[in-house]
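Spelled out from the first residue to the last, the chains are:
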Amino acid sequence: MSGPSTYTPKNGFTKWMDSRLPILRLVNDSFVDYPTPRNLNYWWTFGAILSFMLVVQIVTGVVLAMNYVPTAAMAFDSVEFIRRDVNWGRIIQSAHAVGASMFFAAVYIHIFRGIYYGSYKAPREILWILGVVIFLLMMATGFLGYVLPWGQMSFWAATVITSFFSAIPLVGDGLVQLIRGGLSIDNATLTRFYSLHYLLPFMIVGVVGLHIWALHVPGNGNPAGVEVKDKKDVLPFHPYYTMKDLFALVVFLLPFAWFMFFAPDALGHPDNYIVADSQVTPLHIVPEWYFMPFYAILRAITFNIGIPFTDIVLINSKLGGVIAMFGAIIVLFFLPWLDSSKVRSGSFRPVFKGFYLLLVISFIGLGWLGSKPADGIYVILAQGFTAYYFGYFLIILPILGKIETTRPLPNSISESVLGPSATREPAAATMQGAE
Amino acid sequence: MTADVKNEPTRRDFLYIATGAVGVVGVGSAAWPLVDQMNPSAAVQALATVEFDLSTVEQGALVLIKWNGLPIFVRHRTPDAIAEAQGTALADLKDPAPDSARVKLGQEQWLIMIANCTHLGCVPEFDTGVFRGGWDCKCHGSQYDSAGRVRSGPAPKNLVLPPYEFLSDTLVKIG
């Protein structure tokens, strides 16, 4: 897609097809001859890994749906039925449940890859925004799916998360009732969550299609952060990157398989093996690990925000927590315009590297704090990390780009690989396109 | 066509806007049932009432009953707890309410509340927190006193009172 198509149909059928529905041309230009920067490292393999995980989740999900019964009376038992009685059900169910964790692990690596290498910068803003949309859809899908086994954690996750909407002034309580289909989480909630849990993955497929489309127009970014200048900078996607991605995928499958076969519940909570009970909240409720950083941000806002020196409260702590939690994702939409640096790759920004490392530490720290009780030192630490998380995006990135002295950029991708001794081809070889 | 040049609204303009308006109303009214079906169904709305025999609850005890799918605290307070709740200064409260607004006149020993924390809906633990005879929400750390009033933490409001009335001294109807 980047640059003119190089596809030439070779036989009668492909010629006939190409003039009617050029789908083979699309596949060739997108995944075979697609010119890919030659310096991509293994952090760039997570796009393919994520595509694979999306397929895994949809395929295992569709077959689970053949055995699962989405009613409050039967849901919990039907999951146990799948795990005990359905042929291969033990493996299929754990592939789906562990798969959700692996999917999120991969997406966090993919996102932090993008933040380090400036993947969000022009001309890839739309690509980045679509990625944030996918992330939001994934979170919604993950939450909805977690409710379906109808254990105690399912029930109270549904209670807490639907209660977020009660923080909205005026319409909040009505909205919560609309979402739940009653005063409390009940059968009506479960059936609609099941319906939406089946729908959203296909919406993700659609947005992933747009994401890849938006990727293939400017072409891949790369660790050097300089654009492709000529043919020496690129390799055809197949076989170079199909093989690299496949190798990375196999390595990625090792922990996936280990959890799936030997520890299918290690990433979950024992309380979810107690059937949902609206009368009793488990003593220590925590979300799945992949939501914990955001959960910690929610809980970090323990104070009202008001007009100083008066008793007037503008945003109470509950609404403040919900705003901060959603804001932590919404801020990513604006990242392309918050980072003022002209240099794309973090590799050439010595000061940026330190701030980036602190961001990673803060995010992991928030994830750890999300699993801890909401009192004492934990709250103070969470407040500190939350402040840094927002400070990174809203204060550091806008200012740093204007004052930082960056290291010199390589003249080209091939020079970044082969060193400055790589001589340039004559200008005639320069590819049309980026920069 | 030349007649339109006068810039006056024509019958065609009127028809255009009217058609558009009908279209918007039509799409809206077709969409509304698709949204409204998510609201509580008639079965859920048929507010079931629950009658509960209070004579089974000893002084100092707390029981949890179910009403409309919601957990309900029925707390039989001791005279000490009542005195303490009545003695609390309103200025100390996050959501100020005197104890008399939390119970029925003459039945001050009975505290009947929806057992969901007003923060994000967890069921708080009884008598494990800062306030003796109060509640402690383990999820996000809100503390309620012996009248179910929020005293600290992220919860914005006191525990909510369901509609209820005493049919006799030992029989209460919730709903």
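Throughout this description, residue numbers start from 1 for each chain and increase along the sequence as written. Written order decides the labels, with chains lettered from A and ligands numbered from 1. Predicted model: local features are reported for residues with pLDDT of at least 70 only, side-chain atom pairs are reported and counted for 80 or more only, and whole-chain, interface and lining totals are derived from all residues. For the side-chain quantities, the full set of heavy atoms in the structure was used; hydrogens and water were omitted.

Asker: Provide a residue-level description of unusual backbone geometry, including the pertinent values.
Answerer: Across the junction of A122(A) and P123(A), the peptide omega takes the value 5 degrees, indicating a cis bond. Along the polypeptide, P123(A) turns up in the loop between α5 (89–116) and α6 (125–147). For the bond running from H238(A) to P239(A), omega is 5 degrees, close enough to zero to count as cis. With respect to the element layout, P239(A) can be found in helix α10 (residues 237–262). A positive phi angle, near 60 degrees, is found at W150(A), a position not held by glycine. Each helix is a run of DSSP H or I of at least 4 residues and each strand a run of E of at least 2, with the numbering of both proceeding from the N terminus. Following the sequence through the fold, W150(A) ends up in the loop between α6 and α7 (152–163). Using a 1.4 Å probe on the protein chains alone, a residue whose accessible area is under 20% of its type maximum counts as buried, one over 50% counts as exposed, and one in between counts as partly exposed. The exposure class assigned to W150(A) is buried, which follows from its relative accessible area of 5%. The backbone of N68(B) sits at a positive phi, close to 60 degrees, despite the residue not being glycine. Structurally, N68(B) is set in the loop between β2 (62–67) and β3 (70–76).

Asker: Describe the sheet that holds strand β1 (residues 50–53) of chain B, listing the residues and the values that go with them.
Answerer: All names here are of chain B. Think of it this way: DSSP has to see at least two bridges between two strands before they count as a pair. Pairing within the open sheet is antiparallel, and its 3 strands lie in the order β1-β10-β9. The sheet is open, and its two borders are formed by β1 and β9 (164–166), each paired with just one other strand. When strand polarity is set aside, the average angle formed by the axes of neighbouring strands in this sheet is 20 degrees. The pairing of β1 with strand β10 (residues 171–174) spans 4 bridges and is antiparallel. Bridge pairing in β10 links D53 to L171. Every angle, taken between N-to-C directions, lies between 0 and 180 degrees, and every axis is a line fitted to C-alpha atoms, over only the stretch in contact when it is a helix.

Asker: Describe the pairing of β2(B), with residues and values.
Answerer: All names here are of chain B. In this sheet, β3 lies alongside β2 in antiparallel orientation, the contact comprising 6 bridges. Paired with K66 across the two strands is P71, which belongs to β3. Following β2, the chain reverses through 2 residues before pairing antiparallel with β3; N68 in that reversal takes a positive phi of roughly 60 degrees.

Asker: Outline empty space enclosed by the protein, listing residues and values.
Answerer: All names here are of chain A. Cavities and pockets were defined on a 1 Å grid built over protein atoms only: a cavity is a set of grid points that admits a 1.4 Å probe from which the probe cannot escape, a pocket is an open set flanked by protein on both sides within 12 Å along at least five of seven lines, and lining residues are those with an atom within 4 Å of any such point. Grid points are joined across faces, edges and corners, and a volume is the space filled by probe spheres set on the points. Per the stated rule, a full pass over the model turns up 3 cavities of 30 Å³ or more. The space that makes up the largest cavity amounts to roughly 1000 Å³. Lining the largest cavity are 43 residues; nearest its centre among them are H96, A97, G145, Y146 and P149. Every element with two or more residues in the lining of the largest cavity is listed here: α3 (46–65), α4 (75–84), α5, α6 and α9 (187–216). Broken down by element, the residue count for the lining of the largest cavity peaks at 8 residues, all from α5. Under the convention adopted here, Pro, Cys and the residues Ala, Val, Leu, Ile, Met, Phe, Trp and Tyr are nonpolar, Asp, Glu, Lys and Arg are charged, and Gly plus all remaining residues are polar. Broken down by class, the residue content of the lining of the largest cavity amounts to 27 nonpolar, 12 polar and 4 charged. Surrounding the second largest cavity, Y108, I111, F112, I115, F135, F294, L332, L359, F363, Y389 and F393 form its lining. Elements supplying a minimum of two residues to the lining of the second largest cavity: α5, α14 (350–369) and α15 (377–403). Looking at the lining of the second largest cavity, its residues break down into 11 nonpolar, no polar and no charged.

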